[in-house]
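# Chains, contacts and geometry: an overview
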Amino acid sequence: MNDCCCALPPLNVGGNKKSDAAYRRVLWTVLAINAAMFAVEVVAGLAAGSASLQADSLDFLGDAANYAISLLVVGMTLRYRAGAALAKGATMGMFGLWVVATVIWHILHGTLPSAFAMGTVGAAALIANAASFGLLWAYRHGDANMRSAWICTRNDVLGNLAVLLAAVGVFGTGTGWPDIVVAAVMSLLAIQGAVVVVRQASRELRIGRLAAAE
């Protein structure tokens, strides 16, 4: 997680048509992956009574929406790309707060999720996110818009690994606490990622406005 707190990379104010086209193809691919996994996980999460799977399913939905926004602004000026990244950062933060509310609900109701469903669906989600992570790896040091897409996917991979650990914990302890703990950690990842994206996007938005005024 510390890699996102280092010095920000140089900005590409104008963009590049060839790299934009390649990035657009990658975004279409990861958008399809995330939309499909949302449909799978939202059903499995509700059926299994798992807070971490439910959180992960909405994360897939949020990422699919974020990739769609990224597709709209690829090739636009820095000002518009930064504005889109700012909106995505706010969305990541709201997702984190939603997971906090979900965790509280499951604590109050003392739910016991299905460890088998968590493990099976969590493994499938990990494979899907690992594929997206590999596709977006080359763009991890891009502008805020590109970086936000990579950060979302990085958080998803970490979240999937945590879901698998939670499944083992639920199976071993016979309680829902491992699931709750993992969901809480996922909320912190979302909030931390939102802070990083909003901070960089705000900086790039200021630069974009200055460039537009010249």
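Residues numbered from 1 in each chain as written. Predicted model: local features only at pLDDT ≥ 70, side-chain atom pairs only at ≥ 80, totals over all residues. Heavy atoms only, no water.

## Some thoughts on the environment of Arg-79
With respect to the helices, strands and loops of the structure, Arg-79 is situated in helix H3 (residues 78–109). Sequence separation of Arg-79 and Ala-201 is 122 residues, and the distance between their C-alpha atoms is 9.2 Å. (Helix = DSSP H or I, 4+ residues; strand = E, 2+ residues; numbered from the N terminus.)

## Quick look at the nonpolar core
In terms of nonpolar packing, the biggest core is built from 22 residues, with Leu-53, Val-99, Met-118 and Val-182 touching the most fellow members. Counting residues in hydrophobic clusters, the runner-up holds 21 residues, among them Val-26, Ala-64, Leu-71 and Val-197. (Core = buried A, V, L, I, M, F, W, Y, C linked by side-chain atoms within 4.5 Å. Buried < 20%, exposed > 50% of the residue type's maximum accessible area, 1.4 Å probe, protein only.)

## Observations concerning the side chain of Ser-50
Within the secondary structure, Ser-50 sits in the loop between helix H1 (17–48) and helix H2 (51–73). By relative accessible area, which is 0% here, Ser-50 ends up buried. Among the polar contacts made by the side chain of Ser-50, one reaches the side chain of Ser-52 at a distance of 3.1 Å. At a separation of 3.1 Å, a polar atom in the side chain of Ser-50 contacts the main-chain amide nitrogen of Leu-53. Apart from residues no more than four positions distant in its own chain, Ser-50 is found in contact with Gly-45, His-106, Pro-113, Met-118 and Asp-179. (Polar contact = N/O pair within 3.5 Å; in protein donor to acceptor, adjacent residues only side chain to side chain. Contact = heavy atoms within 4.5 Å.)

## Notes on the layout of surface pockets
What the second largest pocket holds in volume is close to 160 Å³. Asp-59, Asp-63, Met-92, Phe-95 and Ala-190 are, among the 14 residues lining the second largest pocket, the residues nearest its centre. Secondary-structure elements contributing two or more residues to the lining of the second largest pocket are H2, H3, helix H5 (144–173) and helix H6 (177–213). Residue contributions to the lining of the second largest pocket peak at five residues, all from H2. Its residues assigned to classes, the lining of the second largest pocket comprises seven nonpolar, five polar and two charged. (1 Å grid on protein atoms, 1.4 Å probe; cavity = no way out; pocket = protein on both sides within 12 Å on 5 of 7 lines; lining within 4 Å. Points joined across faces, edges and corners; volume = space filled by probe spheres on them. Nonpolar A, V, L, I, M, F, W, Y, C, P; charged D, E, K, R; others polar.)

## Observations regarding a nonpolar patch on the surface
Together, Leu-97, Val-100, Ile-104, Leu-108, Ile-191 and Val-195 give the surface a local cluster of nonpolar side chains, amounting to about 530 Å² of exposed area. When contributions to the nonpolar patch are tallied by element, the ones reaching two or more residues are H3 and H6. Examined against the element boundaries, Ile-191 turns out to sit in helix H6. (Patch = residues over 30% accessible without salt bridge, like charges linked within 9 Å, V, L, I, M, F, W, Y side chains within 5 Å. Areas by Shrake-Rupley, 256 points an atom, 1.4 Å probe, with all protein chains shown as cover. Salt bridge = Lys/Arg side-chain N within 4 Å of Asp/Glu carboxyl O.)

## Comments concerning the packing of aromatic side chains
Between two aromatic rings, the relevant description is the distance of the centres plus the angle of the planes. Applying the stated criterion across every chain yields a total of one aromatic pair. On the basis of an interplanar angle of 55 degrees and a centroid distance of 5.6 Å, the ring pair of Phe-133 and Trp-137 is categorised as tilted. What makes Phe-133 partly exposed here is its relative accessible area of 23%. (Phe/Tyr/Trp six-rings, centres within 6.5 Å; stacked < 30°, edge-to-face > 60°.)

## Let's talk about helix H4 (residues 115–136)
With 22 residues, H4 should cover 32 Å at 1.5 Å per step; its first-to-last C-alpha distance of 31 Å lies within 8% of that length. Residues Ala-115, Ala-117, Met-118, Val-121, Gly-122, Ala-125, Leu-126, Ala-128, Asn-129, Ser-132 and Leu-136 constitute the buried set of H4. (Expected span 1.5 Å × (residues − 1).)

## Here's the deal with the environment of Gly-169
Positionally, Gly-169 belongs in helix H5. C-alpha separation for the pair Gly-169 and Ala-115, spaced 54 residues apart in sequence, amounts to 8.2 Å.

Just geometry here; none of it tells us what the structure is for.
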